[in-house]
Amino acid sequence: AQAILAQVDHPCSSVAFRIVAMSFGGRLRSVQQALGSVLQTQCRMQVTAAASPMKFRSMSGKVRDADAMEALDKGLRDAADKIWPKVPGVMRIDRTKCMQRMEYEVTIQFESGDALKAFLNGDVMKKELHPHMKGFSHCFEGGLSGLKWQNREAEKILDNTAFL
């Protein structure tokens, strides 16, 4: 195990933290130790009180084969260039896939619940995105009716990128 020590100024207050990063079997673990626990608690309450859950729309389904997976990726990128910029409030689009199980998922993050609701009730969904998706129905097992659509909320619990 290796230990790396660094002094970091906390963004919420003048509290300084000592970061101890230890590597165990290739996994990086970070431990924060506050040099002022009362100020740390106050800062944590300020940060979490201001944050609201993130809103997402996800689509997942089983894909028939690797060629279909490749066609879906091409179609998703095409939609990201031509259709999604017309939707107000979209913050990011992520795609995850499992080649072993032939599973495909697209998740769209919206800036608010109102932005998600406006998208679901808007013309872009009905007149552009749905017809675009119909062109890829042959890629999914069960066609478009085999897809699972969900509205989701997420809350950030841990963010190690702040220390990179």
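This write-up is about the structure you can find in this document. Please read all numbers here as calculations on a predicted model, not as lab measurements.

Counting its secondary structure elements, the chain contains four helices and seven strands. Along the chain, helices and strands appear, N-terminal first, in the series β-β-β-α-β-α-β-β-α-α-β. In the chain, buried positions account for 30% of the 164 residues. A separation of at least 24 residues holds for 56% of the contacts in the chain among residues at least 6 apart in sequence. Accessible surface, the chain: about 11,100 Å² in total, of which carbon and sulfur atoms supply 52%.

The next subject is the sheet that holds strand β5 (residues 90–98). Sheet architecture is open: four strands sit in the order β5-β6-β4-β7, paired in antiparallel fashion. Among the strands making up the open sheet, the edge pair consists of β5 and β7 (148–154). The mean inter-strand angle of the sheet, taken between neighbouring strand axes irrespective of direction, is 20°. On the sheet, helix α3 (residues 113–121) packs against β4 (54–62), β6 (103–110) and β7 and is oriented at approximately 45° with respect to β4.

Residue position: Arg57 is located in strand β4. One buried charged residue, Arg57, remains without a salt bridge, the closest side chain of opposite sign being Glu105 at 11 Å. Among the polar contacts made by the side chain of Arg57, one reaches the side chain of Asn151 at a distance of 2.8 Å. Beyond its immediate chain neighbours, meaning those up to four positions away, Arg57 contacts Val106, Thr107, Ile108, Phe110, Leu116, Leu120, Trp149, Gln150 and Asn151.

So, how was this worked out
- Residues numbered from 1 in each chain as written.
- Predicted model: local features only at pLDDT ≥ 70, side-chain atom pairs only at ≥ 80, totals over all residues.
- Heavy atoms only, no water.
- Helix = DSSP H or I, 4+ residues; strand = E, 2+ residues; numbered from the N terminus.
- Buried < 20%, exposed > 50% of the residue type's maximum accessible area, 1.4 Å probe, protein only.
- Contact = heavy atoms within 4.5 Å.
- Areas by Shrake-Rupley, 256 points an atom, 1.4 Å probe, with all protein chains shown as cover.
- Pairing = 2+ DSSP bridges.
- Axes fitted to C-alpha atoms, helices over the stretch in contact; angles between N-to-C directions.
- Lys, Arg positive; Asp, Glu negative; His and termini not counted.
- Salt bridge = Lys/Arg side-chain N within 4 Å of Asp/Glu carboxyl O.
- Polar contact = N/O pair within 3.5 Å; in protein donor to acceptor, adjacent residues only side chain to side chain.

Remember, this is a structural readout, not a statement about activity or role.
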